[in-house]
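# Fold and contact review
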Amino acid sequence: MKIYYCDEWSDIKKKPWNLFDEHTAFLYHQNKQSYTAVITEDEKPKYIVNVTSGWVSVGFYDEVIRKYLNYDFEVLGNGKLFLRTVMFWEYEEDTDKEESSLILGYQEDGYIAMEKRDFKTDSVEERESRDSLEKNWDVFPEFGQYLHLCKEER
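Residues numbered from 1 in each chain as written. Predicted model: local features only at pLDDT ≥ 70, side-chain atom pairs only at ≥ 80, totals over all residues. Heavy atoms only, no water.

### Let's talk about the overall build of the chain
Counting its secondary structure elements, the chain contains 1 helix and 11 strands. In terms of principal-axis extent, the alpha carbons of the chain reach across some 45 × 40 × 20 Å. Relative to its full complement of 154 residues, the chain shows a buried share of 37%. Element-wise, carbon and sulfur atoms account for 46% of the exposed surface of the chain, whose accessible area totals about 9,400 Å². Here the chain contributes 20 positive and 33 negative side-chain charges, whose respective centroids are spaced 1 Å apart. (Helix = DSSP H or I, 4+ residues; strand = E, 2+ residues; numbered from the N terminus. Buried < 20%, exposed > 50% of the residue type's maximum accessible area, 1.4 Å probe, protein only. Areas by Shrake-Rupley, 256 points an atom, 1.4 Å probe, with all protein chains shown as cover. Lys, Arg positive; Asp, Glu negative; His and termini not counted. Charge placed at Lys NZ, Arg CZ, Asp CG, Glu CD.)

### Examining the state of the cysteines
Applying the stated criterion across every chain, the model contains 0 disulfides. The thiol sulfur of Cys-6 is not disulfide-bonded, and the nearest other cysteine sulfur, from Cys-150, lies at 14 Å. Owing to a relative accessible area of 0%, Cys-6 belongs among the buried residues under this scheme. (Disulfide = S-S within 2.5 Å.)

### Regarding the side chain of Asn-70
Secondary-structure assignment places Asn-70 in strand β6 (residues 67-75). Residue Asn-70 is classed as buried on the basis of its relative accessible area, which comes to 5%. One polar contact links Asn-70 to Lys-67, side chain to side chain, over a distance of 3.5 Å. A polar side-chain atom of Asn-70 sits 3.1 Å from a polar atom in the side chain of Asp-72. (Polar contact = N/O pair within 3.5 Å; in protein donor to acceptor, adjacent residues only side chain to side chain.)

### Regarding the pattern of salt bridges
This structure, assessed with the given rule, holds 10 salt bridges. The closest approach of N and O atoms between Lys-67 and Asp-11, which form a salt bridge, is 3.3 Å. On the criterion of sequence distance, the pair formed by Lys-67 in strand β6 and Asp-11 in the loop between β1 (2-10) and β2 (15-20) is long-range, its members being 56 residues apart. For Arg-84, the salt bridge goes to Glu-108, with nearest N and O atoms at 3.1 Å. With Arg-84 in strand β7 (residues 80-91) and Glu-108 in the loop between β8 (98-106) and β9 (111-118), this residue pair connects regions lying 24 residues apart in the sequence. (Salt bridge = Lys/Arg side-chain N within 4 Å of Asp/Glu carboxyl O.)

### What about the pairing of β2?
Regular strands have side chains that alternate between both faces of the sheet. Here 5 bridges tie β1 to β2, and the two strands are oriented antiparallel to one another. Note that in β2 the partner of Glu-8 across the bridge is Trp-17. The turn linking β1 back onto β2 is made up of 4 residues, and Lys-14 within it adopts a positive phi angle of 55°. (Pairing = 2+ DSSP bridges.)

### Quick notes on the environment of Leu-149
Assignment of secondary structure puts Leu-149 in the segment after β11 (137-139). Between the alpha carbons of Leu-149 and Tyr-71 there is a distance of 8.7 Å; along the sequence they are 78 residues apart.

### Remarks on the nonpolar core
One recurring pattern in soluble globular proteins is that nonpolar side chains are buried together. If you look at the biggest cluster of nonpolar residues, it comprises 29 residues, and the most contacted ones within it are Tyr-5, Val-49, Val-58, Phe-60, Tyr-71, Phe-73 and Tyr-146. Listing elements by their share of this core, those giving two or more residues are β3 (35-41), β4 (44-51), β5 (55-61), β6, β7, β8 and β9. In this structure Tyr-5 touches Asn-18, Leu-19, Phe-20, Glu-22, Ala-25, Tyr-35, Thr-36, Ala-37, Phe-143, Gly-144 and Tyr-146, once residues within four positions along its chain are discounted. Residues Val-38, Ile-48, Tyr-61 and Ile-65 belong to the second largest nonpolar core, which totals 6 residues. (Core = buried A, V, L, I, M, F, W, Y, C linked by side-chain atoms within 4.5 Å. Contact = heavy atoms within 4.5 Å.)

Scope: geometric values only; no functional claims are made or implied.
Printed below as a string of structure tokens:
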């Protein structure tokens, strides 16, 4: 896997905006400025990690460069991250047309809200529950060390 850096990633154009070198990205990281790390496998984006002072998000991409999973972590101080939102999409065959989406929202006290949307039938299902959310905690990444946040099973 290789990493390159940019200001941000465009899901619409499926390409980065404003590429910059590793040294510049390191300075952004040290100064708590926003930047994006694009982690590639076989020359294609596999994970896209957006790093800011207040949150970190991780996008998971399939072989046709569609985001199928996204994690939004909130920075809660002392270098701790809490996985606040998970979004999952399913697509129509090899197109970018969404068939369904699932959004899960988490709170530190164990509260979970879920919304499942089927775009074919226009149906929406909502649920609420409580559970232990120990797996939602992680640590703010060191520069260049993002793979611990790129675990699909949490």
